[in-house]
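# Per-entry structural report
Read off the chains here:
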Amino acid sequence: MEKEKTGLEKTNLQKERLDLQKLGFKSGIEIHQRLATREKLFCRCPAAIQDEAPVSGTLLRKLRAVAGELGVVDPAAAFEAARHKTFTYQLIAENACLVEQDEEPPAGLNKQALNMALTVSKMLNAQALDEIHVMRKMVADGSATSAFQRTALVALNGRIQTSLGDVAIPTICIEEESSGIVSRESDSVIYRLDRLGIPLIEIATDASLQSGAHVAETAEKIGRLLRSAGFAQRGLGTIRQDINVSIAGGTRVEIKGAQQLEDLAALAENEALRQHHLLQIAAELKRRGVNNTQTDAQKNAQTGAEHRTQENPHGVGKVAFGKPHGVSHHFKKAKSFLSQPIAEGKAVAMAIKLLFCKGLLGREIMPNHRFGTELSDYAKSKTGIKGIIHCDEDPTKYGLTPEDFKLISKELDCIEDDGWAIVVADELNAVKALHAVFDRCYTLEIPKETRKAEGQVSHFMRPLPGAARMYPETDVLPVVVTGAHVDGLELPKTTEERIANYIAKGLAPDMADRLVKSSEWELFDQLTKGSGGTNSTNAADGTNAKNADAKTVAWLLLEVKPTLRRAGVDVNIPQERMAAVLRLFSQGYITRAAVPDVLTLVAKEPNEHDAQKLAKAANLLRIRGTDLEKLCREHQNSFPDIIKRYRLQVDAGELKGLLEKKT
Amino acid sequence: MSYSKAVEAHLKKQKIEPGDRIRYSGNKGTFEGILLPKPELGGSESCLMLKLDNGYNVGFECNGATLEKLPGSSVALGNVGAEWKPSVSTNVPKLSLVATGGTISTKVDYKTGGVYMLSEPAEILAKVPELAEIANIHRIQSPFRKASEDMDSNDWKVLANAVVDELNSDSEGVIVTHGTDILAYTAAALSFMIRDQNKPVAVTGAQRSPDRGSFDGALNLIWSSQFAASDCAEVAVVMHGSSSDDFGLAHVGTKCRKMHTSRRDAFQTINAQPWAKIGGKKNDQNVHPKQPDHHANQNKKNAVHFLRDDYNRRDNEKKPIADTAFEPKVAHIKAMPTSDWGMIDYLVEKKIRGIVLEGYALGHVPTMSKHSWIPTIQNAVDSGVTVVVATQCLNGGVHPTVYASSRKLAQTGVIQLHDMLPETAFVKLGWVLGHEKTPDKIREMMLTNVAHEFNERHQQDDFPGFKEDDQYE
């Protein structure tokens, strides 16, 4: 029955078309892009990391929550510290030094990274600050060994054009990348130190984004700008988008770590959906009789207070945390993954009544994400438990029967619309988890949260950090930025300028567009350096062109390379060897048709630097001029015959010309 | 550094002071924030430093800008106190804290980024609330508050007296918090000055400031408390034993040296083993088998694993005194290629009373032809200056007879100090010269092992070096 109900709601949810404007949808994004600098932001370690670099040792740290600049402990930091986690760091000698280990003071701010950020600021029409101050932003999740991330505001008040008008970019920062997680347990996390300290640029928009699509478009525009400037590191995880979303009556929630551009729109709109449904659930709880404020819920959770009883079915207005009730006996007989630990005495099943909550726990608030999931996320992150079981679920998931669920309700004295939640864990954690479930359940305002993106939905991560988390980095001196310095920074071409330039070089508009979006444009620019216009296009004699023509290069990079890659050829060929193959073609030593084969040979023989020798050995050199005339005579001037037999060695244009001349 | 005169004048005209909320309008736009005082170093003196509402500090050129003070919104700067309530637990050891200064006693003014000494020594304990679970720090005194690089031998006298006061109280042990620059020198000074020591003294500090979540002083204080409650009536430097937050080491006060500028495990015992390892893995093999004392259980409970047995045991019958006589006219000279021995003549002229000569290797100085240091050293000794010799190798000892150089040196009447650290030699010479006047007595005292400053048996593990097994896992 519960299942049917959930299924039905899901259908409704999918059909639901939210009128974002009516909801008061507000969204902004922060783009974090790793910069393609030589060195890290505050030490001289290389900024490019290799996943296969060996672990050279480990380091163990216990981090503490400390009072921030207002003398109060930041809620996010306190939350993490309360978990008493031990952090282990894998040392990667190639990419991390004592600075990353928090064992040596930082070196000065990386000037290359700063100049990239200043250049981007200029491209976004932002105002560079006259003096840049490095700050410490407290992070207690262990992702930084120092328990802070170094960050500096570089420029203010920029803007970027979108289809819905200019979007304001209030701040542009440079900051340190965090450590990457290797594994996470309930009481410990293992990080790798190679990523820590790579320069990131953070570009934040204001909250004026109007829809999910607008969020995605803006993120794409900013990402493209960074890539087109040549400042972006490439590869998985090198760009991350944080989305801020709120709706009227809701609150600002930050969703961190979205990596796929295509998920952004859904993530933003699903968050609006979540807040909308949470507001409805809160209204329903109030209607049913709950009158808690957030502080009441927390206070009562500590002290225990009045209950709604059978005698007083409408309750007392305030809901209190009741004594957790042991329900292990239901699981002992069940065929469930939970039965064994309970039978072995390693875990107990504890339940609490959730007054007025029946039917609400199972309500879907985002696709495949119920109110119960929200409660579960809080319990998980506070205690490390695996999850909760609630009354609106399908009992068979846990090897129980609807009858068991009814009995549990009875044992907990549930009446009418009372619900319940169960946690299976050691007793201490189970009770702690149930407190977390209870507190979240009756927090009727939408909590200010940092959430973690998982596909198109998000999960609770920690409370939103407050203003108490930033103070000056005293080990690094402020950097003065003069107007002359900013004026002297050369602006990279914009995407539009780049496309126009490629078209002028002879590419078709769609090819030019594909090229700027691809990761090959830098190589393209290198390979076509000095070649102008279209005049060298595949010339029949082909001997004059020093450089390969733009069309051939684009064809090589956008068509040939992917085809070869799919065929299993390692196409990460150094630029100069790629150029050598193109030169063979442009100088008429090989035909266009032979280019893929010669490139394959070059890829497979990384130690042979003479591409011509490889082509010759494979009998791929072009037959032309007098040799071709000889070939024509041998084959009775038959075009099809010659092309059939010498497709890779003969240029069809030259052959055709020759035959026409003869007739 | 402060703001330029022009900026100061501009601010004064508008009656704006640091801490005020202002509106800045310049060619880059209009921004609001709290005006901050200029940090001590760096930046441009014509740039106004503002804290924006997003928490970032930024600098704007003041020249040509208009400023407006926004009403009723000033913030108090430098007000970063923290409350601390003394522990009232009765079943944990009572300890004394003698707080001096240093990184462990600093606080950051989060508004300005300025670093200040704590105004109340108890604030140190507010940074480590969990300390209350293992110790009752019921007596706190702070005889002075200085960064350790600013301390001198008079401060050692004051400190030794303060520590002896505490040793004579009902505390079970004493923790001294101190800057790390000269922490090892101070530990040596206390080792010599405190006579008839009855209880443990842990000298500790921090390599990371308390404003950070990675503050190492918290664990150093915890480990110090555990050591101070142990049965080891010695002066020990208690700091991180590794770069990780896993165990502490209690180093021998006279054989300890700061060997790294910034690492947590900067302090090392040289030419010997530390007294004890504190914390770390439970199944540690290093728990010393011979612990017959009443505090053995306490040691075990506190995870103080002794690495050696030759320490003085806690003894409540002893009445410690501070024997602080000290001669500050001691100089330290390091033999260097092409260095000029004329400086020894200069020191003799200046009526210096003792010289620590940090020789090469086994205690050598140039002895050949016109570059020989021997005549000038002979002159110093003959003039009544005590010259002692230690090695700049730090590890290993000086030797009087292996090479001609040290034999010639020995003949001048210098005192060769075996494996004593040069810095310890410096402290000990000052202390001995404060007590003895005759060359024979001085020599006798210098060569007497007063506070474990000599180790006559060096083991393989006393020299760290590269350990292959430790490098890769």
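See the structure printed just above.
For the structure given in this document, a descriptive report is provided here. (Residues numbered from 1 in each chain as written. Chains lettered and ligands numbered in written order. Predicted model: local features only at pLDDT ≥ 70, side-chain atom pairs only at ≥ 80, totals over all residues. Heavy atoms only, no water.)

### A word on the overall build of chain A
On a plain count of helices and strands, chain A comes out with 23 helices and 23 strands. Per-residue burial over chain A gives 56% buried out of 663 residues. Restricting the contact set of chain A to residue pairs at least 6 apart, pairs at least 24 apart contribute 74%. By element, 50% of the accessible surface of chain A is carried by carbon and sulfur atoms, the whole surface being about 29000 Å². (Helix = DSSP H or I, 4+ residues; strand = E, 2+ residues; numbered from the N terminus. Buried < 20%, exposed > 50% of the residue type's maximum accessible area, 1.4 Å probe, protein only. Contact = heavy atoms within 4.5 Å. Areas by Shrake-Rupley, 256 points an atom, 1.4 Å probe, with all protein chains shown as cover.)

### Re the sheet that holds strand S14 (residues 325-326) of chain A
Strand pairing within a sheet occurs via backbone hydrogen bonds; the two strands may be parallel or antiparallel. All names here are of chain A. Pairing is antiparallel in the open sheet, where 4 strands are placed in the order S14-S15-S19-S18. Each edge of the sheet is formed by a strand with only one pairing partner; in this case those strands are S14 and strand S18 (389-390). Sheet topology places S18 next to strand S19 (residues 419-425); 2 bridges connect them, and they run antiparallel. Bridge pairing in S19 links Ile389 to Ile422. (Pairing = 2+ DSSP bridges.)

### Looking at the pattern of salt bridges
Summed over the entire model, instances satisfying the criterion amount to 61 salt bridges over all chains. Salt-bridge contacts for Arg451(A) lead to Glu374(A); the nearest nitrogen and oxygen are separated by 2.8 Å. With Arg451(A) in strand S20 (residues 449-454) and Glu374(A) in helix H10 (residues 371-383), the pair connects residues that are 77 residues apart, well separated along the chain. Neither Arg451(A) nor Glu374(A) differs from the other in exposure class; each is buried. The salt bridge involving Lys334(B) is made with Glu358(B); its shortest N-O contact spans 3.7 Å. (Salt bridge = Lys/Arg side-chain N within 4 Å of Asp/Glu carboxyl O.)

### Points about the side chain of Ser225(B)
Residues and elements named next belong to chain B. Take Ser225: it is sitting in helix H5 (residues 217-228). Since its relative accessible area comes to 2%, Ser225 is described here as buried. A polar side-chain atom of Ser225 sits 2.8 Å from the main-chain carbonyl oxygen of Leu221. Among all residues touching Ser225, those that are not within four sequence positions of it are Leu95, Leu131, Ile134, Ala135, Ile137 and Ile175. (Polar contact = N/O pair within 3.5 Å; in protein donor to acceptor, adjacent residues only side chain to side chain.)

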